[in-house]
Structures are given as C-alpha cells and as structure tokens.
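# Working through the structure, step by step
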Amino acid sequence: MKRRDFLKTSLLVSSSIYFPSLINSKNVLANSVVVKVHGDSPYKITKRAIKELGGMQKIISKQDIVMIKPNIGWNRTIEQAANTNPLVLKAIIEEVFNAGAKKIIIMDNTCHKPEETYKRSGIEEMAKKMGVELRYTDNNRLIAYDFKGEKLKRWPVFKDFLEVDKFINVPILKHHGSAELTIGMKNLIGIVGGRRGKLHRDLGMNIADLAYGFKTHLTIVDSFRILKRNGPVGGRISDVELKKTVIASTNIMEADVIAADLFGEKPEEIPFIKFAYEKKMGNMDISKINLKSFAA
Amino acid sequence: MSSKNTTLIQTLRIGSQILFLFLFYFLLIRTGKSNVEPSGYIDLFFYFDPLIFLLNIIATQAIQALFLLSIIPVFLTLIFGRFFCAWVCPFGAINHFFSWIFKKSKKKKETINKNLLNVKYIILILIVIMAIMGTHIGSWLDPFSILFRSSTIAINPAVNYSIEHSLKDGANDKSIVVKGLKPIYEFTKKNILKTEQRVYFQSILIGMIFFLIIFLNFFKRRFFCNYICPLGALYGLIAKFSFFNLKVNENKCKSCNLCSNNCTYNGSPFKDYMKSECLVCFNCLKDCPEESIEIKFNFPKKKNRTSIDLGRRRVVGSILSGIFISALPRISDIAKSKRHKFLRPPGSVSEKQFIQKCIRCGKCMQICPTNLIQPSFLEAGTEGIWTPVLDPNMGYCEYECNRCTQICPTNAIEKLSIEEKKEFKIGTAVIDRNKCYTYVDGYNCGVCEEHCPVPDKAIRFREVEVWNFEGKLKKVKQIYVVTDLCIGCGICQNVCPRSDHPAIYITAEEEQREFNY
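Residues numbered from 1 in each chain as written. Chains lettered and ligands numbered in written order. Predicted model: local features only at pLDDT ≥ 70, side-chain atom pairs only at ≥ 80, totals over all residues.

What follows covers the interface of chain A and chain B. Residue-level contacts link 23 residues of chain A with 24 residues of chain B. By residue class, the composition of the side of chain A that touches chain B is 5 nonpolar, 10 polar and 8 charged. (Contact = placed C-beta atoms within 7 Å. Nonpolar A, V, L, I, M, F, W, Y, C, P; charged D, E, K, R; others polar.)

Here is the structure:
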C-alpha cells in the first residue's frame, strides 16, 4: 500500500466512525406539543398538564420500568425552591402507575450528600408513601457512555439511567450562576458522574450535547416556586417567586424555551438553548412552538 | 463459695463485658447515623470516665455537670475494687478476649512483673502533671478515647470496605448461593454501614496502633490494662481504699498456686495479692480446687491496705519529667509562629483551650456527614495529634448541619444552633489566581459560585476581559470572593474542578475563634 492510499483509507475509516455521530438525532422530535398549566395546587396542575398532553399511557407502556429524575441536588426545603416539588412528583408517580408501569425509580446525582437532600426536600417521605424506590448513586455503577456530541463525547453515566425503559425528567426552574438558568436540559447533569465540574468549561455546549445524546421521554418543568436569584442553591425565601405553573412536553428543548420565557429571560440568550437550537432539537421562536396554555 | 456460684459469677462477668462492648458500639454507630437527631445524650459513655473528668477540670477549672456521672463508677470502685476493668470497660473486654485467644496458643506460664505494673502509675502521674502544665496527652491513652478513635478512623471504615467489596457484589449476583447474602448485606447497609465509604488520612497509623495494643496481649495477659492504661491506674489508686478483699482460707489452701493460672495480672490471692491490680474477675475462685478463696468486705484499715510501691524517687522523677516534657510543645514553632495552616470545626474554642479540652475521641469525625473532619497528624503541632482538623478536599461543611457542635463530650466544640453555625466563620476562601480557569485560561467555570451556600453568595461573578490560553482577549465571568460574607465552609474547594491543586481554597484567615496559643 502506498502512503497516499493508506492516508486515504484511514481518512475514510475514521470519518465513517465519526459520521454516525452527525446523524444521531435521538431527541429531535417533530410536531411536539408544549403544555403550560397555571393553578393553585402543584398536584392538580401537574395532573392537568399530563392529561392535556394526551395522557401518560401515550408515553408509558405496560410493564415499563420508569426512571423519574427530579432535581434533588441541594439540602434545602420545599419553600427555598432549590429542589423539585414533591407534590409535582406525586402526581407524576400516580399517573405513571395508572398507565401500567411495573416499577418507578427516583434518583439523582446530588450536589450535597443524598441522605440529607432526599430527606429535607420532602421527596424521601413522599416516595416512601407512594411505594417508589429511591436510589442513591453508586460510583461502582458508572459506565462510560458515548453522547456523540460536539464537545461532550464519552462520559461516565450511572447504569441505572440506561437500564430503564422510560426516562421522565422533572426539573425545577431556577436561576443558575454559570448556566444562566437550570431547566430540563441542565437537569440532565444529574445523570452523569465523574468530575462534573470539568463540564463547566463550555457548559452550554456540554448541556446541549447531553440532552441531544440522551433520550428523554417526557419533561415536566416544576415552576410552581422559582428561584429568581442566587441559584442554584438559594436559601433565602425572598429570592423565591410563586409562578404556580407547570410546563410539560415530550420535547425537552421546547419545554426549556417556554420555561425560560416564563422566568423572564430571552431563550436565545441562554447558551444551552441556543446550542440545542443549532442542533435542531426544536424551535426557539415561541410563536412557532405548539403551546397550549390552561388554567386549573 | 460453691463452684456453682462461681460459674454463675463468671457467666455474669462475661455477659456484662459483652453487654457493655455491644452498648459501646451500638452508641458509636448510632452517633454516626444521619437519621438520629444529634445531641450530647446519644452517647454518654465518656461521661463515666473519671480520668477525662479530672483532665477536664484541670483544663477548664470548672465542672461540667454531665461528668458528675463518673462519680458512680468511682463510688462503686470504693466498694467492689477495680471491678470496672473486667466488668465494664469495652476496651478491656477486647483485650480480655484476645488474651484468652493468645493464651490457648502458648504454653509458657506467665510471671508477675511488679516493675512493669508500676509503669501505668507513672504514666498517670505524667498525664496529670502535664495537664496541670497545660499539655494534654491523656486522651492518647485513655481506653474510651482509644477505642472510639480507632473504631471511627480505622476499624469501622475497614469493615465498611470489606462488606461493600465482598457481600455487595454477591448481593448483585444471580446465583443462589450468593443471593443468600443479600439480606445480610441489606441489614448491615441499613443498620451499620455508612452510606458512603469513610476515608481518613490517619487510618493506617491509628489502625496499626490498635492492632499493636491487641498484639501486646500475646506477651502478657491484658498488657495494655495492666501496664499502660492510665484509667486503670486511677481505678487502682481508688481501689486501694476499697472494701473488697480476697482472702485465702489457710485451713483449706494446699499452696498449689493454681489460682495464679488465669489471674489477669499474673498474681494470686495466695501469694501476691495486690488490691490495686485485682480486676475482680474471679478467675481464681474458679481455678481453686479446694474452694479456699473467700470474698471479704471489710473496712480499709491502714495496715490492710496493700500499697502501690512506686518509690519516692520515681514519683519525684516522673513529676519533674512531666514538667519538662510539657514545656516542649510550648517552645515549638507553633507557639510563636504568626500563621497556622489548619482549620478547626465550627464552634471550636480558642486554640489553647481547644488543645486542652479536646479528648481526641473522634466523635466529631464519626458524626460529620461529609467526611470533612479528619484526625490531624502534625498540622496542629505534636500536641495536637489526632485532634479534629478540616480537609475540604475530602468533604465540605454542610450549611444546614450543626452535628459536630452538638456531640462534643467536653465542649471543645461548643454547641451552636443551626442559625449560629451558618454565621460561624471557619476560615476564608482564597483564590489562587495562577490556577483558576477564569483568571488564567480565560474561560467560564463558576462551579464554586454555583455551590456557595451563603444566600447572598460569597463568591460572585464580574465580567472582565482575559487573555485566554489561545492568546485572545475574551469576555469571561470571573469569580471573586466577598471575604466578609464567606464562612469558610469549603464546598468551593471541594468542588473545584482542578485536578492538581484547588484554585480556590480555605485558609484560617479571619477565622472566628481566637488563636492565642
């Protein structure tokens, strides 16, 4: 083989290895609907949102094992609005069980110690009542997962998230210092392990890659209480604002766009939404999104 | 006394030892459980220790009410002699057990060594004299401290590791044999193990010392208790005035000397009965074929007292050397140095008080949910070995937690409410501008800002232009520390993504407690 031939073939081979990553389109969905429900009870508006989305049975099949991934990152109370509201989760769990799911697991790779955060967030108590398995992360269960992104390639992910049939993402809408906002896509940082701090370089791109490479079946954004300043930890009640809203969609990016708008930010100014739009994960223009608003 | 009664009393003694050992570990594990409300009342074991009471009085010149509990064993010692060591002491129980194991593996008969027996009294004198001079070493040798410290730092984490790495994989396995282990694993995980493996810098040293103490039982029965233990020495001194006595009925005795066979200090009531050394274990009663040994309670008259023969020269010598040795740490660099590099847990008293009050038990390390509190080696001076210091590379001080401030038996870490702890300044975060990405590499990071628990944020962003590592001027959200707001919790250092050295770290700068050494 001549040197030129060798170079040609090696180029071909390597490009064929990398080429699939360009057509990977796990989270690109056409004709998705975003539902936005406003009301006084976090439980009721979540139920309504799922109903308006067409019911949970549209997403969950019988005998599915379902992972619900809330934000339980911080050792803060419900009123401090750093973690997903347990009442929102309760409504989702009920709907998932009604749709015939075999098992529900709740899990998050927390920032504070999980024993503390699961308890203080009120999620542990709720999960025990509902008969849902609450799992701690275990570093022995990390495996390298190829997100095939521009920036984010192989990164350790907890097996637990890959072994389930359906994945429901339940973030809380919050201010976030380095990512501007934390919503659905940012919440996916909680499925990865390793040195997550390293992801903060080009954080927006990493989050977009993460959301692009990992299939989310349903995103429900808890915006009942939102943390306007000093996120994502917060702590001060005066930084919390009552929005009494829940946003649900099968398209993670469009849910984030609507949530960002609700927060009062321009979606195109949020880096991870901008990058996700460039990956054609959805519409960034609110007028183009199929948005249905309700009051319950 | 009939042989039936002696068997009963032996069973009772062993039962009592097992009970107290179990209780000690039950309370130790309970202290570390995150679902147990932290308070000084979880584990009262240390309050029954008259040696620590004595050292605490010397250090604080005040009496801490709970320590009055230690009068109970002292009072009982006045009646029953040094019963504490063979009936109550959990560390004594461990040494007793291993002496019994090692005895089976060797035939040679042990002999009494009175000089060696006196060593513990000299150690006690040294400890007390040095405490009066302001140097605290008693807790290195106090049996409760040793056991609690060794268990927290070495034994429990090692057990934790072994179970996680043997049973756990078994529990996940599909085969029937190992599946049987699953309930065992789940039980230990729920009740005994920590959620997260504990790691301590001093594990090896403290673990080795523990095993050395146990191994010493191979040479002499209950080596530590007879020759080193200062608490045993204190009880020995008290037992000198006790009512309890063993008497040999000379009509029955045939001078076979079998009673010395299993004596904990290798003496015998027949030949060398030493009231201060007798642990009231009643082995001799069991071993006597003629049942000639009798228990007598009589008023301790002066001529009845078996004296501890230290010799005036040794007493004076140990007092003088105590005075000299205690001066050594006072003239080491830490006394004059204008800076110190270590951090103490929130609520710690001033350094001088801390080093005298702290009993190096490791309770704060056991209860810390994040593994932040570590036993020091030489960071806090030779005197401060195994006192708690903070290593934010291992953990961080949880904002909503005040556990370590609640359980310190001697209040070296003073009680703080959650609100008080949130304000307590452990130290201050300092940015290493040669390492922080937002300063030197010119790209956004901000993990520390994200984690900063202070509601106002002690770490904030400012928009600046930085020459990045490609040589271009770039707009960056650069971090800076608001020193007045920072409480030094260390989560910023803990989460800093740099692998070599944290770009933001906690120093003792502006710490709230006083540092007058």
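Now for the domain arrangement of chain B. Residues and elements named next belong to chain B. Domain annotation of chain B identifies domain 1 (3-304) and domain 2 (351-507). Each of domain 1 and domain 2 has a C-alpha centre, and these two points are 38 Å apart. Every contact between the two is made by 32 residues of domain 1 and, on the other side, 25 residues of domain 2. At the level of secondary structure, the elements contributing two or more residues to the side of domain 1 that touches domain 2 comprise α1 (3-31), α2 (50-60), α7 (138-141) and α8 (143-172). If you tally residues by element for the side of domain 1 that touches domain 2, the top one is α8, at 5 residues. (Domains from an automatic or database assignment. Helix = DSSP H or I, 4+ residues; strand = E, 2+ residues; numbered from the N terminus.)

All names here are of chain B. Here leucine 181 is to be found in the loop between α9 (176-179) and α10 (182-191). C-beta crowding within 10 Å serves as the criterion here: with 17 such atoms nearby, leucine 181 is assigned to the partly exposed category. Note: C-alpha distance between leucine 181 and isoleucine 295 (114 residues apart in sequence) is 49 Å. (Buried ≥ 20, exposed ≤ 12 C-beta atoms within 10 Å, placed from the backbone.)

A few words now on the nonpolar core. In this structure, A:Ile68, A:Ile92, A:Met185, A:Ala211, A:Ile220 and A:Val246 are the most contacted members of the largest nonpolar core, which totals 209 residues. For this core, the element with the most residues is helix α6 (residues 114-132) of chain B, which contributes 11 residues. Two domains each donate at least three residues to this core, and these are domain 1 (3-304) and domain 2 (351-507) of chain B. (Core = buried A, V, L, I, M, F, W, Y, C linked by C-beta atoms within 7 Å.)

Our next topic: the packing of α6(B) against helix α13 (residues 230-239) of chain B. Residues and elements named next belong to chain B. Where α6 meets α13, the closest approach of the two axes is 8 Å, and the angle between their N-to-C directions is 100°. In this view, α6 runs roughly perpendicular relative to α13, as classed from their interaxial angle. Residue-level contacts link Lys120, Tyr121, Ile123, Leu124 and Ile127 of α6 to Pro230, Gly232, Ala233 and Leu234 of α13. Split into classes, the residues belonging to the contact of α6 with α13 amount to 7 nonpolar, 1 polar and 1 charged. (Axes fitted to C-alpha atoms, helices over the stretch in contact; angles between N-to-C directions. Parallel < 35°, antiparallel > 145°, perpendicular 65-115°, else oblique.)

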